[in-house]
Amino acid sequence: HHRVKNNLQIVHSLLDMQTASVEDRQARDALIDSCNRVRSMAQIHQSLYQSEDIAKVNFANFCEGLISSLFAAYNVDIERIKVVTDLAEVELAIDQAVPCGLIANELISNALKHGFPNGHCGEVRVSTRMTDNESVELRVSDTGRGMPEDFKMSGNNGLGLQLIELLVDQIGGNLIIDTSKDTSFIIKFNLGN
């Protein structure tokens with residue numbers, strides 16, 4: 001896992017260097033998103049490398065590190081956008097930790113990029129919990145501007161949202177989007193699926 005992490009950090013550095021030389025805003029944004037995805041995977045492998053049980057990732061610790069990285073990557077004003085976490089101790093095997101890490105990366109990134117335009121203030125909330133001995137719930141919500149009224153997850157053309165759908169399927173989970181109060185993405189899955 002240490003070697004994998006080092007290789008992913010090299011890929012991240014190469015993408016980051018390329019980002020600096022790209023003038024097209026859309027291409028630069030795509031490279032930044034790719035950098036964040038690669039860094040997310042590297043952080044999971046770092047968590048495994050540091051873990052007492054190299055077969056499991058402490059997902060709460062991973063999420064804390066991910067949130068800090070994303071707030072720094074997007075240069076978020078922490079006086080304007082607060083983060084609230086409620087992270088239960090959830091241990092995930094690598095085959096679930098990587099997809100879950102990428103899901104969390106996409107959801108938090110989307111909240112930071114799209115939820116608070118034009119200086120709006122609010123909160124991003126990230127929680128994990130065990131709903132029983134074998135079931136996990138990951139929830140990412142924000143108090144930002146909300147989803148468009150005509151939003152449908154299926155058929156959405158955004159790469160991040162397509163990636164979320166694929167990753168939720170990969171872990172055998174269910175995705176619920178609740179826009180009744182805040183915008184909440186809830187992923188439920190069983191350990192070991």
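All values derive from a computational prediction rather than experimental measurement. (Residues numbered from 1 in each chain as written. Predicted model: local features only at pLDDT ≥ 70, side-chain atom pairs only at ≥ 80, totals over all residues. Heavy atoms only, no water.)

1. Some points on the overall build of the chain
A count of helices and strands for the chain gives five helices and seven strands. Listing the helices and strands of the chain from first to last along the sequence gives α-α-β-α-β-β-α-β-β-α-β-β. Partitioning the contacts of the chain with sequence separation of at least 6, the portion at a separation of at least 24 is 68%. Roughly 10,500 Å² of accessible area belongs to the chain as shown, and the carbon and sulfur atoms make up 49% of that amount. (Helix = DSSP H or I, 4+ residues; strand = E, 2+ residues; numbered from the N terminus. Contact = heavy atoms within 4.5 Å. Areas by Shrake-Rupley, 256 points an atom, 1.4 Å probe, with all protein chains shown as cover.)

2. Observations regarding the side chain of glutamate 106
One can find glutamate 106 in helix H4 (residues 94–114). If we skip the residues at most four places from it in the chain, glutamate 106 touches Arg37, Gly160, Leu163 and Ile164.

3. A short note on the packing of helix H3 (residues 59–73) against H4
Relative orientation of the contacting elements H3 and H4 amounts to 35 degrees, with a least axis distance of 10 Å. Every pair of crossing elements has a handedness; the one defined by H3 and H4 is right-handed. Together, Phe59, Phe62, Leu66, Ile67, Leu70 and Phe71 of H3 and Ala97, Cys100, Gly101, Ala104, Asn105, Ile108, Ser109 and Leu112 of H4 make up the contact between the two elements. Among the residues forming the contact of H3 with H4, the class breakdown is eleven nonpolar, three polar and no charged. (Axes fitted to C-alpha atoms, helices over the stretch in contact; angles between N-to-C directions. Left-handed = near helix turned anticlockwise from the far one by under 90°. Nonpolar A, V, L, I, M, F, W, Y, C, P; charged D, E, K, R; others polar.)

4. Some words on the environment of leucine 138
Within the fold, leucine 138 resides in strand S5 (residues 135–142). Owing to a relative accessible area of 2%, leucine 138 belongs among the buried residues under this scheme. Taking the C-alpha atoms as reference, leucine 138 lies 6.5 Å from lysine 188; in sequence the two are 50 residues apart. In this view, leucine 138 contacts Phe59, Cys100, Ile103, Ala104, Ser127, Thr128, Phe185, Ile186 and Ile187; residues no more than four positions away in its chain are not counted. (Buried < 20%, exposed > 50% of the residue type's maximum accessible area, 1.4 Å probe, protein only.)

5. Here we look at the pairing of strand S6 (residues 174–178)
Looking at chain direction, S6 and strand S7 (residues 183–190) are connected through five bridges and run antiparallel. The residue bridging isoleucine 176 from the neighbouring strand is isoleucine 186, located in S7. (Pairing = 2+ DSSP bridges.)

6. Focus: the side chain of serine 135
Structurally, the position occupied by serine 135 is in strand S5. When sequence neighbours within four positions are dropped, the list of residues in contact with serine 135 reads Arg129, Met130, Phe189 and Asn190.

7. Side note on a nonpolar patch on the surface
On the surface, Ile10, Leu14 and Met17 cluster together into a nonpolar patch covering about 340 Å² of accessible area. Assignment of secondary structure puts leucine 14 in helix H1 (residues 2–21). (Patch = residues over 30% accessible without salt bridge, like charges linked within 9 Å, V, L, I, M, F, W, Y side chains within 5 Å. Salt bridge = Lys/Arg side-chain N within 4 Å of Asp/Glu carboxyl O.)

8. Overview of the confidence of the model for the chain
Of the residues in the chain, 84% reach a pLDDT of 70 or more, and the chain-wide mean stands at 83. Of all helices and strands in the chain, the one with the weakest mean pLDDT is H1 (71), whereas S5 scores best (96). (pLDDT = per-residue confidence, 0-100.)

9. Things to note about the nonpolar core
In terms of nonpolar packing, the biggest core is built from 40 residues, with Phe59, Ile103, Ile108, Leu112 and Ile187 touching the most fellow members. A total of ten residues in this core trace back to one element, the largest contributor, which is H4. Residues in contact with leucine 112, not counting those within four places in the same chain, are Leu70, Phe71, Tyr74, Val76, Ile81 and Val124. By size, the runner-up hydrophobic cluster in this structure holds five residues, among which are Leu15, Val22, Leu31 and Cys35. (Core = buried A, V, L, I, M, F, W, Y, C linked by side-chain atoms within 4.5 Å.)

10. As for the sheet that holds S7
The five strands are arranged S2-S4-S5-S7-S6 in an open sheet whose pairing can be described as mixed. Strand pairing shows two members of the sheet lacking a second neighbour, strand S2 (81–87) and S6, which therefore form its edges. Strand-to-strand twist in this sheet, taken as the mean axis angle between neighbours without regard to direction, amounts to 10 degrees. Looking at chain direction, S5 and S7 are connected through eight bridges and run antiparallel. If you follow aspartate 142 over to S7, its bridge partner there is threonine 183.

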